[in-house]
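# Coordinate analysis (summary)
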Amino acid sequence: MEGMSTSPNHTRPRGLDDTTVEALGELSKALETIHRVRGHLYSMHQLVGGADLTLDRVVELLRKAGHNDVARRVENELIGRNVLPGRWTFQIMEEFDDGYYAAFQEIERDAREKLAGGRRHIYEAEMKERRRTHGLPGHEATPEE
């Protein structure tokens, strides 16, 4: 497949074998999954924060209805509670971003630099080239074509 590409940035470097291209494609796919995980963690962060803020209204309504013991328990045991030992969700996000997420991105980038001259999505670009219908509208190799 050497030489086939949708753009020069996605052209397979001379001598790069199919197995390495496939491995880099799988590594990229795994990184994309981790990007999605990060998004889900941010959803968790925002949802937990929103629920915690809603508890202020819950306490107000419980007190208004005369349920002071229940209101006190919500206020003391739930509002501001850690979701994991010693951590609110922002701390979980920071640890994830600075640890696993940063390492994953750096290792994927390093592998591309060492093995493919830093080029991204070679596997996908070659797949696009194989699957598109040359000359048919909507199947252009690049926006400029």
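Everything in this summary refers to the structure shown in the same document. Note that the coordinates shown come from a computational prediction; the quantities given were computed from them, not determined experimentally.

So, on to the overall build of the protein chain. For the protein chain, the count of helices and strands is four helices and zero strands. Seen in sequence order, the protein chain has helices and strands lined up from the N terminus as α-α-α-α. Its C-alpha atoms give the protein chain a radius of gyration of 25 Å, clearly above 15 Å, the size a compact globule of 145 residues would have. Across its three principal directions, the C-alpha atoms of the protein chain cover 75 × 35 × 20 Å. Looking at the 145 residues of the protein chain, the share that counts as buried comes to 28%. In the protein chain, of all internal contacts separated by at least 6 residues, the share reaching a separation of at least 24 is 65%. Treating the 21 positive side-chain charges of the protein chain as one cloud and the 26 negative ones as another, the clouds have centres 3 Å apart.

Time to look at the environment of Gln 105. Examined against the element boundaries, Gln 105 turns out to sit in helix H3 (residues 89-116). When its relative accessible area of 32% is taken as the criterion, Gln 105 is described as partly exposed. For the pair formed by Gln 105 and Ile 34, sequence separation is 71 residues and the distance between their alpha carbons is 9.2 Å. Discounting chain neighbours no more than four positions away, the residues touching Gln 105 are Leu 31 and His 35.

One non-glycine residue, His 121, lies in positive phi territory at about 55°. By relative accessible area, which is 32% here, His 121 ends up partly exposed.

The next point concerns the nonpolar core. Grouped together as the largest cluster of nonpolar side chains are seven residues: Leu 31, Ile 34, Leu 41, Met 93, Phe 96, Tyr 101 and Phe 104. Only helix H1 (18-64) and H3 provide two or more residues apiece to this core. Among the elements that line this core, the one with the most residues is H3, at four residues. In contact with Ile 34, other than residues within four places in its own chain, are Phe 96, Tyr 100, Tyr 101 and Phe 104. Leu 16, Leu 24, Ala 111 and Ile 122 belong to the second largest nonpolar core, which has six residues in total.

As a further point, take the side chain of Arg 132. Note on placement: Arg 132 falls in the segment after helix H4 (122-131). Here Glu 129 takes part through its side chain, which lies 3.2 Å from a polar atom of the side chain of Arg 132. Once you skip the residues sitting within four places of it in the chain, Arg 132 turns out to touch His 139, Glu 140, Ala 141 and Glu 145.

Tallied over the full model, the rule gives twelve salt bridges. Two residues, Glu 77 and Arg 73, come together in a salt bridge whose shortest N-O distance is 3.0 Å. Note that Glu 77 and Arg 73 are positioned in helix H2 (residues 68-78) at a spacing of four residues, about one turn of the helix. Notably, a salt bridge pairs Arg 87 with Glu 95, separated by 2.7 Å at the nearest N-O pair. Of the residues examined, Arg 87 reaches a relative accessible area of 28% and is grouped as partly exposed. You can call Glu 95 partly exposed: its relative accessible area is 45%.

Restricting attention to buried positions, one finds in H4 the residues Ile 122, Ala 125, Glu 126 and Glu 129. Looking straight down H4, one finds that the buried residues subtend no more than 95° of arc, so they occupy a single side. Each element contacted by the buried residues of H4 is listed here: H1 and H3.

What counts, and at which threshold
- Residues numbered from 1 in each chain as written.
- Predicted model: local features only at pLDDT ≥ 70, side-chain atom pairs only at ≥ 80, totals over all residues.
- Heavy atoms only, no water.
- Helix = DSSP H or I, 4+ residues; strand = E, 2+ residues; numbered from the N terminus.
- Rg over C-alpha atoms; globule rule 2.2 N^0.38 Å.
- Buried < 20%, exposed > 50% of the residue type's maximum accessible area, 1.4 Å probe, protein only.
- Contact = heavy atoms within 4.5 Å.
- Lys, Arg positive; Asp, Glu negative; His and termini not counted.
- Charge placed at Lys NZ, Arg CZ, Asp CG, Glu CD.
- Core = buried A, V, L, I, M, F, W, Y, C linked by side-chain atoms within 4.5 Å.
- Polar contact = N/O pair within 3.5 Å; in protein donor to acceptor, adjacent residues only side chain to side chain.
- Salt bridge = Lys/Arg side-chain N within 4 Å of Asp/Glu carboxyl O.
- Arc of directions from axis to C-beta.

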